[in-house]
Each structure stands twice: as structure tokens, then as C-alpha cells.
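Examining the three-dimensional arrangement
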Amino acid sequence: MWKTNGEVNTDGQCIARTSIGVERKAFLWKIKNFSTFDLGQEKMYRLLSTSDDIPIMSLVLSLRNNWISDDIIAIKFFNFDLSIVYSTFKSSLVDAQGDYVDCGQHEIWFSPSVQSKVCVLSLSKDVLMDNNSLHLPYDVLTLYCEQAFSTGTVLQQIEGTVYGCSNSFITNNLVPANINTADIKKSDSETSDLKMDLDSMLQDNILSDVKLCVESETFSAHWLILSARSPVFKAMFQSDMKEKVQN
């Protein structure tokens, strides 16, 4: 963290908050007489704001041609609220047995110049009609829809700043809540035990398989540890360098 006129020389903790406005909607959308629904026809569903019942978005369902199918189901979103910049939409087909068949999830971005988007569902009329008794009970297409809207930042502020904190205070308060500090201590302890065990093997000359000669002194070592810690030794032990076979 930096002050406006220089570096921060005192440890401190700063708490900031940013809140994003989100509104969620869940609804059933029923398209009656779906067997007669053809290209060029449209069905509309209008979403109202929870707070004041003002229309915020219209969803228009239609059939479209693409490289996958001649009658793929698509939904076009018309945004009326310029404060909405991002939306997610998830839909599921509700069949005659009450089971939910996933139709896909979409992310939709809006901007001042782009206030409409088209999303294609993983459904086609042909597929539904092939088993209409299951998918279209009473000739009704029933979609369960979940939509969430983001209206951007609604709150952005610094809630407090505390200076003169000890390093331990900052460290302890910056550990994420989902991390168990006991696991961290256990990991440190296990690492320390491993170092002690390896050092004991070296000091007691247990299973050493390499001797390093430096002038008048000779040191016992383990080629596996040397290879792991030094790329030079690793290359030496993997090649036919003369040092590999000489003490």
C-alpha cells in the first residue's frame, strides 16, 4: 500500500468493501400448442423488477435455422434497464414426469450500444416432437428459467484503516478462512522431520553411494539428493562424464 505522498513505513491493515447489485429471478415459462409453433412465430415473456414491478427485460422465444438443426429453439433478450451490464440465464425443460432436462447456461453482457442478445438452447422442435408425450405433455413446452442480473457497483468504500499492527496480527488476519492453520503447522513439522532424517543419514554415512573429493578431503553423499538439488550433478549422473566413475 502507498500513501499519496510516499511509502508506508508503518505496518497497517486496511478494510475495503465493494458491493455488486444483483437481482435473481426464477420462473416457469409455458408455451402452449407447441406442435403448431413454426418458424417466424414468437412467444414473449416479460420480466418485472422485484422492487417496483417495472419491466426490466423481455425474452422472446422463436425457432431458428442453423447448421445443427432447422428448428433450433432460441431466446432473444431485450434489456430495458441500462444499469444492467451482465446477466446469467439457465434453462431446463420440465417433462411429463417432473424431471428437469438441462438446456444450457449462458452469460450475457450488455452495453449502452448493445441492449439485445440471442442465446440458443440445446433443444430443437424435432427432438421434442419425437417424444412429445414425455417432453410436451398436453402439447405444452415448459421451461424452468433462472436469471440473475448485475447492475454494477452499488457501494465502494474504505471501512477502516489501522496502523501500528504487528506482523503477526497482519499475518493471522490475512489467512483465508477456508485454510486450516493447524494443517499449515503440521506441514511445517513434517518438512522439518524430513530434513532431520536426511541429515541423520548423511552424518551416519547410511546408504551413501557417492564420494566427493575436494583437495585433501572426501565427503560421502547420495547421488539421488545431489541430482535433485543440482542440475550439474544431475547431468553428470545421467551421462558418461568421467567424474561419474571417478571418486
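Refer to the structure presented above.
This one's a predicted model, so the numbers in the text were calculated from it and none came from an experiment.

Considering the packing of aromatic side chains
- Applying the stated criterion across every chain, the model contains six aromatic pairs.
- Between Phe27 and Tyr45, the ring centres sit 4.4 Å apart and the planes meet at 10 degrees, which makes this aromatic pair stacked. With Phe27 in strand 3 (residues 12-32) and Tyr45 in strand 4 (residues 42-48), this residue pair connects regions lying 18 residues apart in the sequence.
- For Phe27, a relative accessible area of 7% translates into the label buried.
- A network of ring pairs unites the aromatic residues Phe27, Trp29 and Tyr45 as a single cluster.

Some details on unusual backbone geometry
- Unlike most non-glycine residues, Asn33 shows phi in positive territory, near 50 degrees.
- Looking at the secondary structure, you find Asn33 in the loop between strand 3 and strand 4.
- Positive phi, normally seen in glycine, also occurs at Asp139, with a value near 60 degrees.
- By the element assignment, Asp139 lies in the loop between helix 2 (132-135) and strand 10 (140-163).

Describing the side chain of Ser92
- Inspection of the secondary structure assignment puts Ser92 in strand 7 (residues 86-94).
- The class of Ser92 is buried, set by a relative accessible area of 10%.
- For Ser92, the contacting residues outside a window of four places in its chain are Tyr100, Val101, Asp102, Cys103, Thr142, Leu143 and Tyr144.

Remarks on the pattern of salt bridges
- All chains considered together, the criterion is met by one salt bridge.
- Between Asp38 and Lys125 there is a salt bridge, with its nearest N and O atoms 3.3 Å apart. Taken together, the residues span a long stretch of sequence, with Asp38 in the loop between strand 3 and strand 4 and Lys125 in helix 1 (residues 125-130) at a distance of 87 residues.
- The partly exposed category is assigned to Asp38, whose relative accessible area is 42%.
- The class of Lys125 is buried, set by a relative accessible area of 9%.

Some points on the sheet that holds strand 6 (residues 72-79)
- The four strands are arranged 4-5-6-9 in an open sheet whose pairing can be described as antiparallel. For this open sheet the edge positions go to strand 4 and strand 9 (116-124), each flanked by a neighbour on one side alone. Within this sheet the neighbouring strands show an average axis-to-axis angle of 20 degrees, counted without direction.
- Pairing analysis gives eight bridges linking strand 5 (residues 55-64) to strand 6, with the strands arranged antiparallel. Paired with Leu63 across the strands is Ile73, a residue of strand 6.

Reading the values: the criteria
- Residues numbered from 1 in each chain as written.
- Predicted model: local features only at pLDDT ≥ 70, side-chain atom pairs only at ≥ 80, totals over all residues.
- Heavy atoms only, no water.
- Phe/Tyr/Trp six-rings, centres within 6.5 Å; stacked < 30°, edge-to-face > 60°.
- Helix = DSSP H or I, 4+ residues; strand = E, 2+ residues; numbered from the N terminus.
- Buried < 20%, exposed > 50% of the residue type's maximum accessible area, 1.4 Å probe, protein only.
- Contact = heavy atoms within 4.5 Å.
- Salt bridge = Lys/Arg side-chain N within 4 Å of Asp/Glu carboxyl O.
- Pairing = 2+ DSSP bridges.
- Axes fitted to C-alpha atoms, helices over the stretch in contact; angles between N-to-C directions.

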